[in-house]
Amino acid sequence: MCGVFGICAPDRDVSRLTYFGLHALQHRGQESAGIAVSDQGRLTALRDLGLVTQVFDEQSLRALTGELAIGHARYSTTGATKWANAQPLLHHGRARTVAVGHNGNLINAAELRDELGVRLSSTSDSEVIAAMIANDERPLEEAIAGAMSRIEGAATVVGIADGTLFAFRDQHGFRPLVIGRLGDDLVVASETCALDLLGASFEREVRPGEIVLADATGERYVQALPEAERGSLCIFEFFYLARPDTKLAGVEVHAARVRMGERLAQEAPVDADLVMPIPDSGTPAAIGFSRATGIAFSEGLIKNRYVHRTFIQPEQGMREQGIRVKFNPLAEVAGKRLVVVDDSIVRGSTTRQIVQMLFDAGAAEVHVRVSSPPVISPCFYGIDLATTAEMIAAHATVEEVREAIGATSLAYLSLDGLQAATARPESTLCRA
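All of the points below concern the structure found in this document.

About the cut-offs
- Residues numbered from 1 in each chain as written.
- Predicted model: local features only at pLDDT ≥ 70, side-chain atom pairs only at ≥ 80, totals over all residues.
- Heavy atoms only, no water.
- Helix = DSSP H or I, 4+ residues; strand = E, 2+ residues; numbered from the N terminus.
- Rg over C-alpha atoms; globule rule 2.2 N^0.38 Å.
- Buried < 20%, exposed > 50% of the residue type's maximum accessible area, 1.4 Å probe, protein only.
- Areas by Shrake-Rupley, 256 points an atom, 1.4 Å probe, with all protein chains shown as cover.
- Lys, Arg positive; Asp, Glu negative; His and termini not counted.
- Charge placed at Lys NZ, Arg CZ, Asp CG, Glu CD.
- Core = buried A, V, L, I, M, F, W, Y, C linked by side-chain atoms within 4.5 Å.
- Contact = heavy atoms within 4.5 Å.
- Pairing = 2+ DSSP bridges.
- Axes fitted to C-alpha atoms, helices over the stretch in contact; angles between N-to-C directions.
- Phe/Tyr/Trp six-rings, centres within 6.5 Å; stacked < 30°, edge-to-face > 60°.
- Polar contact = N/O pair within 3.5 Å; in protein donor to acceptor, adjacent residues only side chain to side chain.

**Quick word on the overall build of the protein**
No. 1: Across its full length, the protein carries 14 helices and 24 strands.
No. 2: Taken over the C-alpha trace, the protein has a radius of gyration of 22 Å; the compact-globule value for 432 residues is 22 Å, and the two agree within 12%.
No. 3: Its C-alpha atoms give the protein principal-axis dimensions of roughly 70 × 50 × 45 Å.
No. 4: A buried classification covers 55% of the 432 residues belonging to the protein.
No. 5: When the accessible surface of the protein is summed, it comes to about 17,600 Å², and 49% of that surface belongs to carbon and sulfur atoms.
No. 6: Of note, the protein has its 41 positive side-chain charges centred 1 Å away from the centre of its 54 negative side-chain charges.

As structure tokens, then:
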């Protein structure tokens, strides 16, 4: 998943702006966070495991001064969760030192690593990108284009080298990247919600295969690779990854998710008393389902919003209560026929616990509705999905999944329904 951010603003506090940009992108990754700055060509980076607010404080931000900055919030796909794989990664090469933040997954990282023949300090595929640029003695723009032409898979990248901020997307455009403007200064970010938080205006999306370069002398935009005939923005962004207030390819994510719920109500109606989401990801689709059916909407489950991934595990007695650390049902579910809406079911264990919790709270019926199709295979382009063996829908019918989660009924949104709800042409999205 991962969130990336970059800014070129000689007269602004770039590290502080990057901190807030990452704050807006925290939903894309909670394992580690980092910021790299360039001060007249000298690179400094600070990165660590944890959330953005855990990694940075006033003192550390004050120490990161410069004209350019990039930031990264990590959700690991390739490479373990350890400090060496936190980003931005710095690589000192023959030609230059490069800092890189990467969202995506390379499918030919092992071959590139062997070809490079240089020692890397991490196990992540992202350092391979940095090393290719750092060890290419051609001018920076050509070195970046050369790296782009060799990588296969998903790569949305922000970086700093030679006193220049750069950013690019692979030629398929699997992961989003937008260009914004803060006054006259250039900002790039994974999602438009980061621009909104800073008060920056949205300018456009970075085109697949395009490089953006910015330094003290101005900006350059280079179409280094031809855009792939078929666009491939990941459809997961629409129903799961992106923040609801983000615009993807001109479409507001919240509105798309509401449409998913409306379509789901058409495809799989049910007689019930209340429609409720599994918060927060199921909320927009639950609103859509409620609107389309006229069944009253209720929060139903209250979520503790201060539960993040924690390095402190609950003690055994608490662990057995499992999901209660995160959710607690309201008394109004007792005696009611419930429609419970979520955006996806991957392993099924969380859904099973929630269904059981609602029955324990006195629900008469629990009808589960999912605003995406069954997830049946991993993605090799950079979403940390379980193996097929762990995916409940990969080897089971819908009825078998219903039995496993203990629901009264279960229905998924069709792939056609999901596609239609995005309001984007089918040829522009990847459904791998």
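**Side note on the nonpolar core**
One recurring pattern in soluble globular proteins is that nonpolar side chains are buried together.
No. 1: With 32 residues, the main nonpolar core has F238, M260, V275, F289, V339 and V341 as its most contacted residues.
No. 2: Residue contacts for F238: discarding those within four places in its chain leaves L233, L248, V251, V253, A256, R257, M260, T422, R424 and L429.
No. 3: Counting residues in each nonpolar core, the second largest holds 28 residues, with V100, L106, I129 and I151 among its members.

**Details of the environment of F297**
No. 1: Here F297 shows up in strand β18 (residues 296-297).
No. 2: Here F297 falls in the partly exposed class, since its relative accessible area comes to 36%.
No. 3: A C-alpha to C-alpha distance of 9.9 Å links F297 and T283, two positions 14 residues apart in sequence.
No. 4: In contact with F297, not counting residues within four places along its chain, are V275, P277, T283, A286, I287 and S290.

**Some thoughts on the sheet that holds strand β23 (residues 409-412)**
No. 1: Taken together, 5 strands build an open sheet; the order of strands is β18-β17-β21-β22-β23 and the sheet is parallel. Single-partner strands in this sheet number two, and they are β18 and β23.
No. 2: By the bridge criterion, 6 bridges tie strand β21 (residues 337-342) to strand β22 (residues 365-370) in an arrangement that is parallel. Each bridged residue has a counterpart across the sheet, and for V341 the counterpart in β22 is R369.
No. 3: Across the sheet, helix α12 (residues 349-360) is in contact with β17 (274-277), β21 and β22; its angle to β22 comes to roughly 150°.

**Some thoughts on helix α10 (residues 283-293)**
Each α-helix turn comprises 3.6 residues. Residues three or four places apart therefore point the same way.
No. 1: What α10 keeps buried is the set P284, A285, A286, G288, F289 and S290.
No. 2: In this structure, the buried residues of α10 make contact with α9 (253-267), β17, β18, β21 and β22.
No. 3: G294 sits one or two positions beyond α10 and adopts a positive phi of about 80°.

**A short note on the packing of aromatic side chains**
No. 1: Taken as a whole and assessed by the stated rule, the structure comprises 4 aromatic pairs.
No. 2: Taking the centre distance of 4.6 Å and the plane angle of 50° together, the rings of F236 and F239 count as tilted. You can see F236 and its partner F239 sitting in helix α8 (residues 236-241), 3 residues apart, about one turn around the helix. The residues F236 and F239 share a single accessibility class, namely buried.
No. 3: Taking 5.8 Å as the distance between ring centres and 75° as the angle between the ring planes, the aromatic pair formed by F236 and Y240 counts as edge-to-face. Here F236 and its partner Y240 are both found in helix α8, 4 residues apart, which amounts to about one turn of the helix.

**What to know about the environment of R94**
No. 1: Structurally, the position occupied by R94 is in the loop between β5 (89-92) and β6 (97-103).
No. 2: Exposure remark for R94: the relative accessible area of 57% places this residue in the exposed category.
No. 3: A sequence separation of 308 residues divides R94 from R402, and the C-alpha atoms of the two residues are 57 Å apart.
No. 4: Discounting chain neighbours no more than four positions away, the residues touching R94 are V118, A134, N135 and E137.
No. 5: Among the polar contacts made by the side chain of R94, one reaches the main-chain carbonyl oxygen of N135 at a distance of 2.8 Å.

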